[in-house]
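Structure at a glance
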2 protein chains.
Amino acid sequence: MTRIILDEQIPKKITISAARDFSAALIHKLFANTPKPIRPITEHLAKAQGKGVRTAVLLAAALDESEQVPKDTILAATAIELFHMATLVHDDVIDEADSRRGIASIHAKFSKKEAIICGDYLFCVATSTVSSIYEPYKGFAMKFSTAVERVCLGELRQYANNYNMNMNIQEYLRIIHGKTAALFFISAYAGALIGGADEQQAKKIGRIGTFLGMIFQILDDCKDYMLDESQALKPTKTDIAQGVMNLPMLMALIKEPTLRIANPKDLLTIDQLVNEVYRLNGVKDAIIIVEKYAKKIHKMIDTLGNIPKQAALQALLDSQIQLAESFKQQKN
Amino acid sequence: MTRIILDEQIPKKITISAARDFSAALIHKLFANTPKPIRPITEHLAKAQGKGVRTAVLLAAALDESEQVPKDTILAATAIELFHMATLVHDDVIDEADSRRGIASIHAKFSKKEAIICGDYLFCVATSTVSSIYEPYKGFAMKFSTAVERVCLGELRQYANNYNMNMNIQEYLRIIHGKTAALFFISAYAGALIGGADEQQAKKIGRIGTFLGMIFQILDDCKDYMLDESQALKPTKTDIAQGVMNLPMLMALIKEPTLRIANPKDLLTIDQLVNEVYRLNGVKDAIIIVEKYAKKIHKMIDTLGNIPKQAALQALLDSQIQLAESFKQQKN
């Protein structure tokens, strides 16, 4: 793979849903045409049902007054999704998770060795994809490198705090600001930039992305307490089992400091711990933080001065708020 | 880390030894100034004694008639060394090797999790470094992506052939063409390009790099049969223990097909296997292949029409030939 070039037949401006389809098709095409040694693995990956949340953020941020996005958004979205997949493949090796996005994880279906190399390879392809639009959008290429570094740093910071029952909320927010929100930032920033925003506006929209990412991660944490494996399309509670501190648990620990022992797993089973956090309203309290972010985002969206972009970003926010509401109501 | 910029005080043209020192200093500076979550790991990595073979190839390929190289070679060499280090960190996780370059491996000193993320992080920094010289040397950035993809593919191809006693020499050469020679190619190509060569000349010098990489890998394979751990600065024979097929073994298998059983480890200890391959002249026969490549390289060097570049590349070749000679003489 050298340079990734889009089909010339694709018009310069397209709708969001066309861009989303073209990006999915490009990933499928890349995965179907990889060199022989990696093809069985990428063909397997192509079966996964990714939600494409980062792509959705990127495209919403790129939307213009005519409700269209430039075709280059396809490449930027593809690069970000590929990098995201690379991190998932490596995460699954680290966490020894057996399934992901409804399919067997790479390390489970193939081997740890192949999973590590596959993640590296996906990272290479993501980098190639970014290179292919370096020239028109230098700012994206530079900030992409920074964003992916931040993802790694967030993951290290998280790891350093495993089983840290005294972790404060600020440290938690710093962790997810890196491990999750950095990619949401670059998605929103890239979309805005490709959609024609100047640097200042792109950074502003990038910050909306950051906060959407924070919400997304907090709600993802809540899923461990609310959904079972089939609903979440991945093993739930593995983070909890591995000592990863999440917001509902941190909230519960504030209310019940006696839970702050070296490792609550020594006293409780994972299911008991989950129930205890739930009983202490850990999820509801986490959602109060979500609502604070949602208010901030809503205000920021209102000042953008571009109705279709505002509507699209607000719709993404609304779907997160809706999920948060459902978690507030009752346990599934 | 966003953009990596060289000290303006560094002259535009410098000697090879200055460039080598500046690149080592840049890596040390990057490692000493990483963000807090990764700093203990990069500070540990900074203690490693890398040989900088790829840097040496890059600088030799960049040399001009005044025996100097452009300062941008520092960034290109740094990017390649960082990527190489990323692959070593991941390799050590895969192989569960405990030491590397005279220090404890990252996964041994820290954890598997941190080692995987650290490799990813180093890859990010390498990519940032490449981005920082994208504009003057687009060809390098594009070919760098391709080279790192080839490294991954070579490693996958190697893995697919573990314990494959029927593997032929051609497949072996294809594997090392990717896993090792691809980085030697990009080193030589980048050096030539930055040194002012046109695309055609840079590719030609790149091919010299490829062949030097093939020799380097074959001799590295031979070390498992010739050196002990302290001489090799890493655990020896782990590749053999893990079923990685190498040239001395393939050569021995041609002579003694009875060794072609599913897994010779079932019948022999690793030391017995090593001695058997040595007894069957596996090392000497592998060195015949090295000598064939050396002849090719020598001819290619002779046609370059730049005396200092020719002398520097020939010196690199000579040091490999010298190592090969020492292996031919006797077992250490």
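Description of the structure in this document. (Residues numbered from 1 in each chain as written. Chains lettered and ligands numbered in written order. Predicted model: local features only at pLDDT ≥ 70, side-chain atom pairs only at ≥ 80, totals over all residues. Heavy atoms only, no water.)

Description of the overall build of chain A
In terms of regular secondary structure, chain A is built from 16 helices and four strands. Its C-alpha atoms give chain A a radius of gyration of 20 Å, within 12% of the compact-globule value 20 Å for 332 residues. Principal axes of the C-alpha set define a box for chain A whose edges measure 60 × 50 × 30 Å. For chain A, the proportion of its 332 residues judged to be buried stands at 61%. Relative to all contacts within chain A whose residues are 6 or more apart in sequence, the contacts with residues 24 or more apart total 77%. (Helix = DSSP H or I, 4+ residues; strand = E, 2+ residues; numbered from the N terminus. Rg over C-alpha atoms; globule rule 2.2 N^0.38 Å. Buried < 20%, exposed > 50% of the residue type's maximum accessible area, 1.4 Å probe, protein only. Contact = heavy atoms within 4.5 Å.)

A closer look at the relation of the copies chain A and chain B
Superposition of chain A onto chain B requires a rotation of 180° combined with a translation of 0.0 Å along the rotation axis, giving an RMSD of 0.0 Å. Those values place the two copies in the arrangement expected of a two-fold rotation axis. Comparing contact sets, 100% of the residues at the interface of chain A also lie at the interface in chain B, consistent with an isologous, same-surface contact. (Least-squares fit on C-alpha atoms with pLDDT ≥ 70 in both.)

A word on the interface of chain A and chain B
In this assembly, 42 residues from chain A lie in contact with 42 residues from chain B. The largest contributions to the chain A side of the interface with chain B come from Lys113(A), Glu149(A) and Leu156(A), which together make up 15% of the buried area. In this assembly, chain A and chain B are joined by six salt bridges. Notably, a salt bridge pairs Lys138(A) with Glu135(B), separated by 3.0 Å at the nearest N-O pair. Seen at the junction of chain A and chain B, the total is ten residue pairs in polar contact (both at pLDDT 80 or more). At the level of elements, α4 (72-95), α6 (112-131) and α7 (138-160) of chain A are the ones that each hand at least two residues to the side of chain A that touches chain B. Among the elements that line the side of chain A that touches chain B, the one with the most residues is α6(A), at 13 residues. Within the side of chain A that touches chain B, the residues separate by chemical class into 20 nonpolar, ten polar and twelve charged. (Buried area = accessible area lost by both parts, 1.4 Å probe. Salt bridge = Lys/Arg side-chain N within 4 Å of Asp/Glu carboxyl O. Polar contact = N/O pair within 3.5 Å; in protein donor to acceptor, adjacent residues only side chain to side chain. Nonpolar A, V, L, I, M, F, W, Y, C, P; charged D, E, K, R; others polar.)

Quick word on the packing of aromatic side chains
Overall, the coordinates contain 14 aromatic pairs over all chains when judged by the stated rule. Measuring from centroid to centroid gives 5.6 Å for Phe185(A) and Tyr189(A), while their planes differ by 20°, and the two rings are stacked. Note that Phe185(A) and Tyr189(A) are positioned in helix α9 (residues 181-194) at a spacing of four residues, about one turn of the helix. We note that Phe185(A), like Tyr189(A), is buried. Arranged with centres 5.5 Å apart and planes meeting at 35°, the rings of Phe211(A) and Tyr293(A) form a pair that is tilted. With Phe211(A) in helix α10 (residues 199-226) and Tyr293(A) in helix α15 (residues 282-302), this residue pair connects regions lying 82 residues apart in the sequence. Of the aromatic side chains, those joined through ring pairs into one cluster are Phe83(A), Phe123(A), Phe140(A), Phe144(A), Phe83(B), Phe123(B), Phe140(B) and Phe144(B). (Phe/Tyr/Trp six-rings, centres within 6.5 Å; stacked < 30°, edge-to-face > 60°.)

Observations concerning the packing of helix α10 (residues 199-226) of chain B against helix α14 (residues 270-279) of chain B
Angle between the axes and distance between the axes are the two parameters that describe a pair of packed helices. Residue and element names in this part refer to chain B. Two numbers describe how α10 lies on α14: the axes approach to 9 Å, and their chain directions differ by 115°. Here α10 lies roughly perpendicular to α14, going by the angle between them. Taken together, the residues of α14 that come into contact with α10 (itself represented by Asp 224, Tyr 225 and Met 226) are Val 274, Val 277 and Tyr 278. The class makeup of the residues in the contact of α10 with α14 is five nonpolar, no polar and one charged. (Axes fitted to C-alpha atoms, helices over the stretch in contact; angles between N-to-C directions. Parallel < 35°, antiparallel > 145°, perpendicular 65-115°, else oblique.)

Observations concerning the pattern of salt bridges
Side chains that carry opposite charge are capable of pairing whenever their charged atoms lie near each other. In this structure the tally under the stated criterion is 26 salt bridges over all chains. With a closest N to O distance of 3.8 Å, Asp95(A) and Lys113(B) form a salt bridge. Remark: Lys113(B) occurs in helix α6 (residues 112-132) and Asp95(A) occurs in helix α4; the pair is interchain, linking two chains. Neither residue differs from the other here; Asp95(A) and Lys113(B) are each classed as buried.

Comments concerning the side chain of Ser132(A)
Residue and element names in this part refer to chain A. Structurally, Ser 132 is set in the loop between α6 and α7. For Ser 132, a relative accessible area of 10% gives the class buried. In terms of polar contacts, Ser 132 uses its side chain to reach the backbone carbonyl oxygen of Thr 129, at 2.5 Å.

Focus: the environment of Gly282(A)
All names here are of chain A. Here Gly 282 shows up in helix α15. Taking the C-alpha atoms as reference points, Gly 282 and Leu 253, separated by 29 residues in sequence, lie 8.4 Å from one another. The contact partners of Gly 282, leaving out residues within four places of it in the chain, are Pro 248, Met 251, Ala 252 and Val 277.

Observations regarding the environment of Phe211(A)
Residues and elements named next belong to chain A. Judged by its relative accessible area of 18%, Phe 211 falls in the buried class. Once the C-alpha coordinates of Phe 211 and Tyr 293 are considered, the two residues, 82 residues apart in sequence, prove to be 6.4 Å apart. Each residue touching Phe 211, except ones within four places of it in the same chain, is listed here: Tyr 293, Lys 296, Ile 297 and Met 300.

Section: helix α1 (residues 16-32) of chain B
Residue and element names in this part refer to chain B. With 17 residues, α1 ought to run about 24 Å at 1.5 Å a step, and its terminal C-alpha atoms sit 24 Å apart, in line with that. Looking only at α1, the buried set comprises Ala 19, Ser 23, Leu 26, Ile 27, Leu 30 and Phe 31. Seen along its axis, α1 keeps its buried residues to an arc of 130°; they face one direction. Exposed residues pointing more than 90 degrees away from the buried face of α1 are listed as Asp 21 and Lys 29. On its buried face, α1 sits against β1 (13-14), α2 (39-45), α3 (53-62), β2 (69-70), α4 (72-95) and α6. (Expected span 1.5 Å × (residues − 1). Arc of directions from axis to C-beta.)

Focus: the side chain of Asp221(B)
Residues and elements named next belong to chain B. Positionally, Asp 221 belongs in helix α10. Here Asp 221 is buried and forms no salt bridge, its nearest opposite-charge partner Lys 179 lying at an N-O distance of 5.0 Å. Among the polar contacts listed, one links the side chain of Asp 221 to the side chain of Tyr 172, at a separation of 2.4 Å. (Lys, Arg positive; Asp, Glu negative; His and termini not counted.)

Overview of α6(A)
In this model, α6(A) (20 residues) spans 29 Å end to end at C-alpha, consistent with the 28 Å of a helix rising 1.5 Å per residue. Counting buried positions over the 20 residues of α6(A) gives 19, a clear majority of the element.

As for unusual backbone geometry
Residues and elements named next belong to chain A. With a phi close to 55°, Glu 96 is a non-glycine residue in the positive phi region. Positionally, Glu 96 belongs in the loop between α4 and β3 (99-100). Its relative accessible area of 53% is what places Glu 96 among the exposed residues. A positive phi angle is found at Tyr 163, which is not glycine, with a value near 60°. Here Tyr 163 is to be found in the loop between α7 and α8 (169-179).

As for the environment of Ile301(A)
Residues and elements named next belong to chain A. On the secondary structure map, Ile 301 appears in helix α15. On the accessibility criterion, Ile 301 (2% relative accessible area) is buried. For the pair Ile 301 and Pro 11, spaced 290 residues apart in the sequence, the C-alpha separation amounts to 28 Å. What Ile 301 contacts, discounting residues up to four positions off in sequence, is Ile 208, Gln 310, Leu 313, Gln 314 and Leu 317.

Comments concerning the state of the cysteines
Evaluation of the coordinates by the stated rule reveals zero disulfides over all chains. Distance from the sulfur of Cys124(A), which forms no disulfide, to the nearest cysteine sulfur (Cys152(B)) is 4.0 Å. The class of Cys124(A) is buried, set by a relative accessible area of 1%. (Disulfide = S-S within 2.5 Å.)

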